[in-house]
Amino acid sequence: MKTTTGLDSQYRPEWHYSAERNWLNDPNGLIYSNGTYHLFYQHNPFGDDWGNMSWGHATSADLNHWTEHPVAIPCDDQEGIFSGSAVADVHNTSGFGVGGVPPLVAIYTSAYVGTSPLAGRQAQSLAYSIDDGATWTKYAGNPVLDRASSDFRDPKVFWYDGEAGGYWVMVAVEALHREVLLYKSADLKSWEYLSTFGPANATEGIWECPDLFELPVDGDVADTRWVLVVNLSPGGIAGGSGGQYFIGTFDGVTFSSETTVTEGLQPDTSRMADYGWLDWGRDYYAAVSFSNVPDGRRLMIGWMNNWQYAASTPTDGWRSAMSLAREVGLVSRGGRPVLVQEAVDPFRDQELGQGVELFALGRQPLTPGMTWLPAEAHGDVLRIDAEFEPGPAGKVGLVLRAGMESNPAERTVLAYDSATGELSLDRTESGNVKFDATFPSVERVYVPLENGRLKLRVFVDRCSVEVFAQDGLATITDLVFPANSSNAVGLLAEGDGGTLVSLAVVR
Ligand code: FRU
């Protein structure tokens, strides 16, 4: 949670992390260590535009309340500190540990500039911390992996336990080639090439920020798959930046995808909806997962923005926020595993005074037209849980951040259309949409009803709407910039509106 007494409180999210001042993009070095979640991030310490890329730092005990810390890894006149990951080197394979204290090791991309002899290249480098993430030292032997490439970046490193022993595995991109490269290492310092994945599925934009992890299917640890995450920009499903995923197997050398639809560099974008997407909205990018989380939980965070308009979003003194953290899993649908996502809910904690139910409705037919909820259910920071039985023809949904009398046209509309089976989030009249020509948009995802029902969990947090449909089978994340006073929430029904099963509004 951020205090909103500081800069520009109008759009400052309460529960989505933003830096107190200045620019932020990708989450980096996500790691859990000794009871603390660390969120490092692409940060410009000197301005609210992209530049001077350094790793900012925040920590949290619960993934909802964040505390900002001093810049962890600053840029200098030789290198920008681009995206990467962090690992807990518990066996001190790197030798950076001191006096039996194992180090945390950050693996980041050095984007060499200026007078550096490597200027123009991107290569992978290390920094380490022996005080549990508070302070970081760059390794004197950097870079540790250099392919003499200008676009080799975003290393995600994890420990792989193979039958013949364990080793570190790195996934990184050759961004322009739309390739994920895999490497292995015993000590994080010397790396050996393993294999290349791609191009496959969505390839219109450059590939960035990959991730690779194993998950049980339907909770069965004897039946697992590996998930390869590949962010790309532009060329995401909703336009601009987006994240795709492949499901398959990993044998310690090669990732084999079971969900490749198209191979090679695809000029044909007609298969886009058949690919695996982390999110169907415009504002969930550079999503990667935490290292070292106990109990096999896989938690991800994305940058809640889009390179199409990130530089011009209308905030002052600070710019950009992270998504809520999401726990991801695999469930079987139609005989094959698919990804599901559940938000780490800031409103779950009754003891901290969060999660107070403001308003609830039980089962009732929906009246065609707009039904405004009473004032106590309005707000710019809310969780809304709604379940519908849509009628055979028509639309049902929620109207959010609506202006009512003060601003009658202003609203963000989440609607399910029985005719198409699509859930859409329409922000074309969400408030300030004029700061960039590509911003006004309607996002769409096909959502099969389950037992005739549509289940929605929606998080509204000042400048964002995050939708989890059918227990996280599909998500839509969009920024919105409404007037302060546009706080009304309504129920929408068109045609044969169907039935509201239940509604709860929580603050
Ligand atoms: C993704 C990205 C990464 C890069 C970083 C630079 O948003 O372009 O590929 O490392 O941002 O800030």
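Residues numbered from 1 in each chain as written. Predicted model: local features only at pLDDT ≥ 70, side-chain atom pairs only at ≥ 80, totals over all residues. Heavy atoms only, no water.

**Notes on the site of the ligand**
What counts here: If a single non-hydrogen atom of a residue is within 4 Å of a molecule or strand, that residue counts as near it. Under this definition, polar contacts are N or O atom pairs within 3.5 Å; protein pairs additionally need one hydrogen-donor-capable and one acceptor-capable atom, and for neighbouring residues in sequence, both atoms have to be side-chain atoms. For the area figures, the Shrake-Rupley method with a 1.4 Å probe applies, and any residue is considered shielded solely by the protein chains shown.
Lining the immediate surroundings of the ligand are N25, D26, Q42, W50, M53, F82, S83, R153, D154, E208, Y285 and W307. Within the side chain of Q42, an N or O atom sits 2.7 Å from an oxygen atom of the ligand. Burial of the ligand by the protein chains amounts to 95% of its free accessible area of 320 Å².

**Thoughts on the environment of L232**
To be explicit about the condition: Here a strand is any run of E in DSSP of at least two residues, a helix any run of H or I of at least four, and the numbering for each starts at the N terminus. Here the term buried applies to any residue with accessible area under 20% of the maximum for its type, exposed to any over 50%, and partly exposed to those in between, with areas from a 1.4 Å probe on protein chains only. In what follows, a contact means two residues having at least one pair of non-hydrogen atoms within 4.5 Å.
Within the element layout of this structure, L232 appears in strand β14 (residues 220-233). Of the residues examined, L232 reaches a relative accessible area of 0% and is grouped as buried. The sequence separation of L232 and V144 amounts to 88 residues, and the corresponding C-alpha distance is 25 Å. Not counting the four nearest positions on each side in its chain, L232 is found in contact with A202, T203, E204, G205, I206, W207, G240, S241, G242, Q244, W277 and Y285.

**Notes on the nonpolar core**
Test applied: In these notes, a set of buried Ala, Val, Leu, Ile, Met, Phe, Trp, Tyr and Cys residues joined through side-chain atoms within 4.5 Å is what counts as a nonpolar core. Domain ranges listed in this record stem from an automatic or a database domain assignment.
In terms of nonpolar packing, the biggest core is built from 59 residues, with F388, L398, L423, L456 and V458 touching the most fellow members. Per-domain counts for this core show at least three residues from each of domain 1 (22-343) and domain 2 (356-506). Among residues more than four places away in sequence, those in contact with F388 are L366, V396, G397, L398, G452, R453, L454, L456, L491, T499, L500 and V501. Counting 28 residues, the second-largest nonpolar core is a separate cluster that includes A58, C209, I301 and M322.

**Some remarks on the sheet that holds strand β30 (residues 442-446)**
Strand pairing within a sheet occurs via backbone hydrogen bonds; the two strands may be parallel or antiparallel. Rules: A pair of strands is treated as paired once DSSP finds two or more bridges between them. Here an angle of 0 to 180 degrees is reported between the N-to-C directions of two axes, which are lines fitted to C-alpha atoms, with helices fitted over the stretch in contact.
Spatially, the 6 strands line up as an open sheet ordered β25-β34-β27-β28-β29-β30, and their pairing is antiparallel. At either end of the open sheet lies a strand with only one pairing partner, and these are β25 (369-372) and β30. Averaged over all pairs of adjacent strands, the angle between their axes in this sheet comes to 15°, without regard to strand direction. Bridge analysis of strand β28 (residues 412-417) against strand β29 (residues 422-426) gives 5 bridges, and the strand direction is antiparallel. Bridging across to β29, A415 finds its partner in S424.

**A look at the side chain of Q341**
Among the structural elements, Q341 can be located in strand β22 (residues 336-343). From its side chain, Q341 meets the backbone oxygen of L278 in a polar contact 2.5 Å long.

**Description of the sheet that holds strand β7 (residues 122-129)**
The 4 strands lie next to each other as β5-β6-β7-β8, forming an open sheet whose pairing is antiparallel. The two strands at the open ends of the sheet, each matched to only one other strand, are β5 (79-88) and β8 (137-138). Of the strand pairs in this sheet, β7 and β8 are connected by 2 bridges, and their pairing is antiparallel. In the strand pairing of β8, Y128 is matched with T137.

**So, the domain arrangement of the protein chain**
Counted only if it meets this: As used here, buried area is the combined drop in accessible area, with a 1.4 Å probe, of two parts when they are placed together. We define a salt bridge as a contact between a side-chain nitrogen of Lys or Arg and a carboxyl oxygen of Asp or Glu at a distance within 4 Å. Only Asp, Glu, Lys and Arg are considered charged, only Ala, Val, Leu, Ile, Met, Phe, Trp, Tyr, Cys and Pro nonpolar, and every remaining residue, Gly among them, polar.
Domain annotation of the protein chain identifies domain 1 (22-343) and domain 2 (356-506). Taken together, the contacts link 27 residues of domain 1 with 26 residues of domain 2. Of all residues in domain 1, W280, R282 and M304 bury the most surface against domain 2, accounting for 27% of the area lost on that side. Put simply, domain 1 and domain 2 have 3 salt bridges between them. Here R427 makes a salt bridge to D283, at a shortest N to O gap of 2.9 Å. Summed over the shared surface of domain 1 and domain 2, the result is 17 residue pairs in polar contact (both at pLDDT 80 or more). Within the residue set of the side of domain 1 that touches domain 2, elements represented by two or more residues are β21 (326-333) and β22. Among the elements that make up the side of domain 1 that touches domain 2, the one with the highest residue count is β22 (6 residues). Here the residues of the side of domain 1 that touches domain 2 sort into 13 nonpolar, 8 polar and 6 charged.

**Considerations on the pattern of salt bridges**
A side chain with one charge can pair with a side chain of the opposite charge if their charged atoms come near. Evaluation of the coordinates by the stated rule reveals 30 salt bridges. For D151, the salt bridge is made with R153, and the minimal N-O distance between the two is 3.0 Å. You'll find D151 and R153 in the same group, each marked buried. Between R225 and E258 there is a salt bridge whose closest N-O contact spans 3.1 Å. Of this pair, R225 sits in strand β14 while E258 sits in the loop between β16 (255-257) and β17 (276-277), and the two are 33 residues apart along the sequence. By relative accessible area, E258 is classed as partly exposed at 47%. Counted as one network, the salt bridges with shared partners bring together E14, D380, R462 and R507.

**Structural notes on the packing of aromatic side chains**
Put simply, the test is: Each pair of aromatic rings taken from Phe, Tyr and Trp, with Trp reduced to its six-membered ring, is defined by centres within 6.5 Å and is described as stacked if the planes are under 30 degrees apart, edge-to-face if over 60, and tilted in the remaining cases. In our convention, an over-ring charge means Lys NZ or Arg CZ found within 6 Å of a ring centre and within 35 degrees of that ring's normal.
Applying the stated rule across the entire model yields 36 aromatic pairs. Centroid distance W15 to F347: 6.2 Å. Interplanar angle 70°. Geometry classified as edge-to-face. Taken together, the positions of W15 in the segment before β1 (22-33) and F347 in the loop between β22 and β23 (357-361) put the pair 332 residues apart, joining distant regions of the chain. For the pair formed by W15 and F347, the shared burial category is buried. Here the aromatic cluster, defined as three or more aromatic residues joined through ring pairs, consists of Y11, Y309, F435, F439 and F481. Stacked on the ring of F96, the Lys or Arg K189 has its end atom at 4.7 Å from the ring centre. Positioned above the aromatic ring of F439 is the side chain of R427, whose terminal nitrogen or guanidinium carbon lies 3.7 Å from the ring centre.

**A closer look at the pairing of β30**
The alternating pattern of β30 places E443 and V445 on a buried face and V442, R444 and Y446 on a face that is not buried. Here β29 pairs with β30 via 5 bridges, running antiparallel. Its bridge partner lying in β30, D426 is registered against V442.

**Here we look at the state of the cysteines**
Let me state the cut-off plainly: By convention in this document, the label disulfide applies to cysteine sulfur atom pairs within 2.5 Å.
With the rule as written, the count across this model stands at 0 disulfides. The cysteine C75 is free of any disulfide, with C209 supplying the nearest cysteine sulfur at 18 Å.

**Some thoughts on the pairing of strand β13 (residues 206-217)**
Among the 12 residues in β13, 9 count as buried, and that is most of the element. Across 11 bridges, β13 lies against β14 in antiparallel orientation. When the bridges of β14 are listed, V217 appears paired with D220. In textbook terms, the turn of a hairpin is the stretch between consecutive antiparallel strands, and for β13 and β14 this stretch comprises 2 residues, one of which, D218, has a positive phi near 50°.

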